[in-house]
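Summary of the model geometry
Below are the chains, spelled out letter by letter.
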Amino acid sequence: MSAIEESSDGPIEVIQVLIVLHPSFGAQELCGPLEVLSNALHKPKDPGTKAFECTIAAGSPGTTSSSGLTVKAEINFEDAHEDLKEYDVLIVPGGVGVDDVLKKDTEPIKLIQDFAKLQQTDPSKERTLMSIGTGSLILAHAGLLQGLAATTHPDYYTKMEIICKEAARRGDLEQTDVMEENYVVNNARFDLGEKLEENPFVLSKRPDGRRKSIARKGSNAWKESVKRRESNARRASLRLGGLRVITSGGVTSGLDASLYLVAAMVSHDSAQEVARLLQYSWNKGITVDGIDV
């Protein structure tokens, strides 16, 4: 269950985030989402309404990135497995160390698979799995992208396709639609927007000149989402039990995806305020369930 904090208006829910590291992870692929989520507030400019609590898990007390940054883990993978039900979001940064994870078929693969299974056995809770850059290769290897659309770092599109095909052969033969996109959201549980011009995630004209597609409107707040999103039965009928799966293309794409997550789970105003604090120009154009938005 998400942690509860007190604010001037009463208790608020703090969304619990687990970030899993592997040796030679990408430092920016960790720091980007961490900065975004750590600065997000349920009520912009009210520091007493913290929206996310991030916990770092790794296989050793200190894990070193490919650039030499050593990060202290707050919990190990064994503890992460035991406490997995407590987390709402699991984030998988990429980096050059992904190759070693895939070759050895080691953690955090099992942890990610268990997180996905948890959603299938308990669809009463809304959960999100998000990868940054080549972290999506781990999701593909784990067999979690079959039947979904996904993206990865541009230098790894071909490798992603190969890994997805291998996973399909091991699984139920369903393919993954590997897309050359900024970030891709699956099982977003979006409502069709009645006023398309008011949808912050619909661009009237895409920067790359491509067509605008069907508009979909996300939830306005974490509290509202509990009341207005689909029933447990409907969620359970979705792939992976309705687990929201987000894959992003790289460092800046990871920032965009993280801001999207804030907008979807907290509010668009909160995401805008975080972007302002970080002095970052947020690219809101996304791909939802394989459809460009």
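Refer to the preceding data block for the structure.
These numbers come from a predicted model, not from an experiment.

**Considering the packing of helix H9 (residues 251–265) against helix H10 (residues 268–277)**
Close contact between H9 and H10 brings their axes to 6 Å; oriented N to C, the two are set at 150°. Between H9, through Leu259, Val262 and Ala263, and H10, the contact on the second element is made entirely by His268, Ser270, Ala271, Val274 and Ala275. Taken together, the residues that form the contact of H9 with H10 break down as 6 nonpolar, 2 polar and no charged.

**Description of the pattern of salt bridges**
Close approach of charged atoms lets side chains of opposite charge pair. A full pass over the atoms with the stated rule returns 9 salt bridges. When the shortest N-O distance is used, the salt bridge between Lys45 and Glu273 registers 3.4 Å. Within this pair, whereas Lys45 is found in the loop between helix H1 (27–39) and strand S3 (52–58), its partner Glu273 is found in helix H10, the two being separated by 228 residues in sequence. Residue Lys45 is classed as exposed on the basis of its relative accessible area of 62%. In this structure Glu273 comes out as buried when scored by relative accessible area, which is 15%.

**Structural notes on the packing of aromatic side chains**
On inspection of all chains with the given rule, the structure shows 1 aromatic pair. Measuring from centroid to centroid gives 5.9 Å for Tyr183 and Tyr260, while their planes differ by 45°, and the two rings are tilted. Linking Tyr183 in strand S11 (residues 183–186) with Tyr260 in helix H9, this pair joins segments that are 77 residues apart in sequence. For Tyr183, a relative accessible area of 0% corresponds to the buried category.

**Here's the deal with the side chain of Gln146**
Within the fold, Gln146 resides in the loop between helix H5 (135–141) and strand S9 (149–150). On the basis of relative accessible area, Gln146 is assigned to the buried category, the value being 8%. At 2.6 Å, the side chain of Gln146 forms a polar contact with the side chain of Asp172. Not counting the four nearest positions on each side in its chain, Gln146 is found in contact with Ala167, Ala168, Gly171, Asp172, Leu173, Glu174, Gln175, Thr176 and Arg239.

**Digging into H1**
The periodicity of an α-helix, 3.6 residues per turn, causes residues three or four positions apart to be oriented the same way. The end-to-end C-alpha separation of H1 is 18 Å, in line with the 18 Å expected for 13 residues at 1.5 Å each. Those residues of H1 lying buried are Ala27, Glu29, Leu30, Gly32, Pro33, Val36 and Leu37.

**A few points about the packing of H1 against H9**
Between H1 and H9, whose axes approach to 9 Å, the crossing angle comes to 25°. Judged by the angle between their axes, H1 and H9 are roughly parallel. For the crossing formed where H1 meets H9, the hand is right-handed. Within the contact between the two elements, H1 uses Gln28, Glu29, Gly32, Pro33, Val36 and Leu37 and H9 uses Val251, Leu255, Ser258, Leu259 and Val262.

**A short note on the environment of Lys110**
Within the secondary structure, Lys110 is located in helix H4 (residues 109–121). Overall, the relative accessible area of 43% leaves Lys110 in the partly exposed class.

**So, a negative patch on the surface**
A cluster of acidic side chains, namely Glu78, Asp79, Glu82, Asp83 and Glu86, defines a negative patch on the protein surface. Relative to the helices and strands, Asp83 is located in the loop between helix H2 (77–82) and strand S7 (89–93).

The rules behind each value
Residues numbered from 1 in each chain as written. Predicted model: local features only at pLDDT ≥ 70, side-chain atom pairs only at ≥ 80, totals over all residues. Heavy atoms only, no water. Axes fitted to C-alpha atoms, helices over the stretch in contact; angles between N-to-C directions. Helix = DSSP H or I, 4+ residues; strand = E, 2+ residues; numbered from the N terminus. Contact = heavy atoms within 4.5 Å. Nonpolar A, V, L, I, M, F, W, Y, C, P; charged D, E, K, R; others polar. Salt bridge = Lys/Arg side-chain N within 4 Å of Asp/Glu carboxyl O. Buried < 20%, exposed > 50% of the residue type's maximum accessible area, 1.4 Å probe, protein only. Phe/Tyr/Trp six-rings, centres within 6.5 Å; stacked < 30°, edge-to-face > 60°. Polar contact = N/O pair within 3.5 Å; in protein donor to acceptor, adjacent residues only side chain to side chain. Expected span 1.5 Å × (residues − 1). Parallel < 35°, antiparallel > 145°, perpendicular 65-115°, else oblique. Left-handed = near helix turned anticlockwise from the far one by under 90°. Patch = residues over 30% accessible without salt bridge, like charges linked within 9 Å, V, L, I, M, F, W, Y side chains within 5 Å. Areas by Shrake-Rupley, 256 points an atom, 1.4 Å probe, with all protein chains shown as cover. Lys, Arg positive; Asp, Glu negative; His and termini not counted. Charge placed at Lys NZ, Arg CZ, Asp CG, Glu CD.

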